[in-house]
Amino acid sequence: MSINKNNQFVPLIIAVSVVLGIIIGTFFANRFSGNRLNIINSSSNKLNDLLHIIDDQYVDTVSISNVVEDAMPKILEELDPHSTYISAKDAQTANDDLRGSFSGVGVQFTVRNDTVRISGIIKGGPSEKVGLLAGDKIIAIDGESFVGKIVTNEETMHRLKGEHGTKVTVTVLRHGHKKPLKFTIVRGDIPIKSVDASYMLTPELGYIKIKNFGETTYAELLTALAQLEEDGFKGLVVDLRGNGGGYLTSSIQMVNEFLPQDCLIVYTEGRKSKREEYKSDGRGSYQQLPIIVLTDELTASAAEIFSGAIQDNDRGIIVGRRSFGKGLVQQPVEFSDGSMIRLTVARYYTPSGRCIQKPYVKGQKREEYEMDIITRYQHGEFFNEDSIRQTGEVYHTSIGREVYGGGGIMPDYFVAEDTTLFTSYYTEAVSSGLISQFCFEYVDNNRAELQKSETPDDLLRHIKRQGLVDQFVRYADNHDLRRRNNMILKSKKLFEQAIYGNIIYSIFDIGDYTAFVNRSDATILRAVDLFKKKKTTPTLPRKD
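Computed from a predicted model, the values in this text were never measured in an experiment. (Residues numbered from 1 in each chain as written. Predicted model: local features only at pLDDT ≥ 70, side-chain atom pairs only at ≥ 80, totals over all residues. Heavy atoms only, no water.)

> I keep staring at the overall build of the protein and nothing clicks. Help me out?
Looking only at helices and strands, the protein has 19 helices and 22 strands in total. In the protein, buried positions account for 47% of the 544 residues. Of all intrachain contacts in the protein linking residues separated by at least 6 positions in sequence, the fraction that spans at least 24 positions is 69%. Carbon and sulfur atoms make up 49% of the accessible area of the protein, which totals about 28,200 Å². (Helix = DSSP H or I, 4+ residues; strand = E, 2+ residues; numbered from the N terminus. Buried < 20%, exposed > 50% of the residue type's maximum accessible area, 1.4 Å probe, protein only. Contact = heavy atoms within 4.5 Å. Areas by Shrake-Rupley, 256 points an atom, 1.4 Å probe, with all protein chains shown as cover.)

Following this line, the structure appears as structure tokens:
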């Protein structure tokens, strides 16, 4: 008996329809009752009846729960690009970065050649207390071999994370030791910081790099500002490049520190959500401090709220490139099995009244939506301000400057991405992971010598004498990246920055790495120049 191939999709189509009806019907009935969604079974519910029919009568055995699990992401994709489904297995991990901590062993690691290699030990964490070291290679967890194809980032985190106070035993190979070493670690709370770096760019200009907006970000910001105040800062650069956002409340708390009383920060509004305004309370400690905000094409969501509030209130200047353009607000809704959805329930608007959500087609696949970044690159937007295409409605800041909706935050001062030193050889070296792999092995083989350096500058002076670019070229040649002398010469400065930066990060931390990279960063240099020229206060363009 032949079966039409189209019939293979019947169960999925029916299940998608069923789940869509259940979600929409029950979500709006329960969305504010503890944010927990319960499926209501009723004989009068036609869609629910269909689920029973499929389960009871379909020709093949069908796992309704598996079909529903597979269908959930597809259903939400039909709504907008930012409504998402997170399985119970992934829900906790998805929230860890924003919560500011998780329970684990306190190591940073990379997976190389099917082996977990510890690249860093978190200070004060459980692993440091028992004596694990950067460079150790994990070969077993809880007595079970952990090498080979099973080793992935996700599986490693799953095995090392766990409830506070529980134990895990890891077996490692250590450089210089013939036999494996065993360590039993009691899992503890591991902090996840949102502020990657905080230091003085110049004797008067402070700098803070924020990677996201989580539960602890506001407190981290206040700590960083207090330290910069002790250092005598008279201006501030807030670096939000690459910041994908996070909690709305965190962004509001943070920008409140820089705004005078009763300034509109943001407002949200949706079909079922009344307009809700958020204004500054006048208690901020840095209301007069000159401020420069750095953005790029990956600055999104809560980071755009911060940037938009600064720009629309004419409180400071935005430097860099146009931001991502995410102006949709998601409401987290939990299911009884621990999974959750983040459903778009409103749009947010900057003080001037603009929604900066970039255009999207309903039902468009998320991958296609995210290709907008590639499209911008191909159109030349990263290199030429005149190539930027913003066709949204015109709005006005507090002093009357023109700003646009519908496509991110436009910087007040554009800084092009510099690709003059890029070559195909350098691009392949980066994309293949060869640079990071070379740096890891170099550090692993020379850790004792490298750790003699007391400061990043001491380390930098040492590694500059080691001919590391030549060492990398030989290493790459042995790993199927053929030597291209002219390209290597052209990209030499890029190789030096990438290699030196990786090594500094391995021996010290992300803050020291950021400070090193910033020394030659065009956007940072432009911000410093604007501060020196006292151009941090927005003004209306001159009319000729």
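> How do you make sense of the nonpolar core when you look at a structure like this?
It is characteristic of soluble globular proteins that their nonpolar side chains tend to be buried jointly. Judged by nonpolar contacts, the single largest core of 38 residues is most densely connected at Ile208, Leu236, Phe258 and Phe306. Ranked by the residues each element gives to this core, the list is headed by helix H9 (residues 302–312), at 6 residues. Other than its neighbours up to four places away in sequence, Ile208 contacts Val195, Ala197, Ser198, Leu221, Ala224, Leu225, Leu228, Leu236, Val237, Val238 and Asp239. Residues Leu460, Val473, Ile488 and Ile504 belong to the second largest nonpolar core, which totals 31 residues. (Core = buried A, V, L, I, M, F, W, Y, C linked by side-chain atoms within 4.5 Å.)

> Explanation requested: the packing of helix H17 (residues 492–507) against helix H18 (residues 510–518) in the structure shown.
To describe two helices that pack against each other, one gives the angle between their axes and the distance between the axes. Where H17 meets H18, the closest approach of the two axes is 8 Å, and the angle between their N-to-C directions is 155°. The pairing of H17 with H18 is recorded here as roughly antiparallel in orientation. The element H17 and its partner H18 pack so that their crossing is right-handed. Between H17 and H18, the residues in contact are Gln497, Tyr500, Gly501, Asn502, Ile504 and Tyr505 and Ile510, Asp512, Tyr513, Phe516 and Val517, respectively. For the contact of H17 with H18, the per-class residue count stands at 7 nonpolar, 3 polar and 1 charged. (Axes fitted to C-alpha atoms, helices over the stretch in contact; angles between N-to-C directions. Parallel < 35°, antiparallel > 145°, perpendicular 65-115°, else oblique. Left-handed = near helix turned anticlockwise from the far one by under 90°. Nonpolar A, V, L, I, M, F, W, Y, C, P; charged D, E, K, R; others polar.)

> For this particular structure, what's the right way to read the pairing of strand S6 (residues 137–141)?
Two strands pair when backbone bridges link them, and strand S5 (residues 115–121) and S6 are joined in this way by 2 bridges, in the antiparallel orientation. What sits directly across from Arg117, in S6, is Lys137. As paired elements, S6 and strand S8 (residues 167–173) share 4 bridges and run antiparallel to each other. Each bridged residue has a counterpart across the sheet, and for Ile138 the counterpart in S8 is Val172. Sheet topology note: the S6/strand S7 (residues 144–145) ladder contains 2 bridges and is antiparallel. Counterpart to Ala140 in the pairing with S7 is Ser145. The loop that links S6 with its antiparallel partner S7 comprises 2 residues; one of these, Asp142, has a positive phi angle of about 55°. (Pairing = 2+ DSSP bridges.)

> What should I look at first to understand the sheet that holds strand S12 (residues 205–210) in this one?
In spatial order, the strands read S11-S12-S13-S16-S17-S22; together these 6 strands make up an open sheet with mixed pairing. Each of the sheet's edge strands pairs with one partner strand only, and the pair in question is strand S11 (195–200) and strand S22 (413–414). When S11 meets S12, the two strands line up antiparallel, connected through 5 bridges. Bridging from a neighbouring strand, Met200 pairs with Gly206 of S12. Strands S11, S12 and strand S13 (235–239) of the sheet are contacted by helix H7 (residues 217–230), whose axis makes an angle of about 160° with S12.

> It is not clear to me how the side chain of Thr397 should be interpreted in this structure. Could you clarify?
Looking at where Thr397 falls in the secondary structure, it is placed in the loop between strand S20 (394–396) and strand S21 (402–404). A relative accessible area of 6% places Thr397 in the buried class. In contact with Thr397, not counting residues within four places along its chain, are Gln311, Asp312, Asp314 and Val403.

> I keep staring at H18 and nothing clicks. Help me out?
One full turn of an α-helix is made of 3.6 residues, so residues set three or four places apart face in the same direction. Among the residues of H18, Gly511, Thr514, Phe516, Val517 and Asn518 are the ones counted as buried. Where H18 is buried, its residues meet S11, S12, helix H14 (456–463), H17 and helix H19 (522–532). The distance from a side-chain oxygen at the start of H18 to the backbone nitrogen of Gly511 is 3.0 Å, and the residue carrying that oxygen is Asp509. (Polar contact = N/O pair within 3.5 Å; in protein donor to acceptor, adjacent residues only side chain to side chain.)

> Hey, could you run me through the packing of aromatic side chains in this one?
Remark: the centre distance and the inter-plane angle together describe each pair of aromatic rings, the angle taken between the planes. The full count for this structure, using the stated rule, is 15 aromatic pairs. A network of ring pairs unites the aromatic residues Phe422, Tyr425, Tyr426, Phe438, Tyr442, Phe472, Tyr475 and Phe495 as a single cluster. Positioned above the aromatic ring of Phe382, the side-chain terminus of Arg321 is 5.5 Å from the ring centre. In this arrangement the basic side chain of Lys358 is found over the ring face of Phe324, its NZ or CZ atom lying 3.6 Å from the centre. (Phe/Tyr/Trp six-rings, centres within 6.5 Å; stacked < 30°, edge-to-face > 60°. Lys NZ or Arg CZ within 6 Å of the ring centre and 35° of its normal.)

> What is the right way to read the pattern of salt bridges from this model?
Pairing between side chains of opposite charge can happen when their charged atoms approach one another. In this structure the tally under the stated criterion is 19 salt bridges. Of the charged contacts in the structure, one is a salt bridge between Lys452 and Glu449, with a shortest N-O distance of 3.2 Å. Judged by its relative accessible area of 60%, Lys452 is exposed. For Glu449, a relative accessible area of 37% corresponds to the partly exposed category. Across the salt bridge formed by Asp457 and Arg519, the nearest N and O atoms sit 2.6 Å from each other. Remark: Arg519 occurs in the loop between H18 and H19 and Asp457 occurs in helix H14; sequence separation between them is 62 residues. Residue Asp457 is classed as partly exposed on the basis of its relative accessible area, which comes to 34%. Taken together, the shared-partner salt bridges connect Lys209, Asp239, Arg241 and Asp521 into one network. (Salt bridge = Lys/Arg side-chain N within 4 Å of Asp/Glu carboxyl O.)

> Help me understand the packing of helix H13 (residues 434–450) against helix H15 (residues 468–477) in this model?
As a packed pair, H13 and H15 sit with axes 10 Å apart at the nearest point and diverge in direction by 115°. One element, H13, and the other, H15, form an angle in the roughly perpendicular class. Considering the relative orientation of H13 and H15, their crossing is right-handed. Packed against H13, whose contacting residues are Leu434, Ile435, Gln437, Phe438, Glu441 and Tyr442, the element H15 presents Leu468, Gln471, Phe472, Tyr475 and Ala476 at the interface. Grouping the amino acids of the contact of H13 with H15 by side-chain chemistry returns 8 nonpolar, 2 polar and 1 charged.

> When you look at unusual backbone geometry in this model, what are you seeing that I'm missing?
Backbone phi values are negative for most residues with the exception of glycine, while trans is the configuration of most peptide bonds. Positive phi, normally seen in glycine, also occurs at Asn113, with a value near 50°. Locating Asn113 in the fold gives a position in the loop between strand S4 (107–112) and S5. The backbone of Asp480 shows a phi angle near 70°, a positive value even though the residue is not glycine. Looking at the element boundaries, Asp480 is found in the loop between H15 and helix H16 (485–490). Taking the relative accessible area as the measure of exposure, Asp480 reaches 75% and is therefore exposed.

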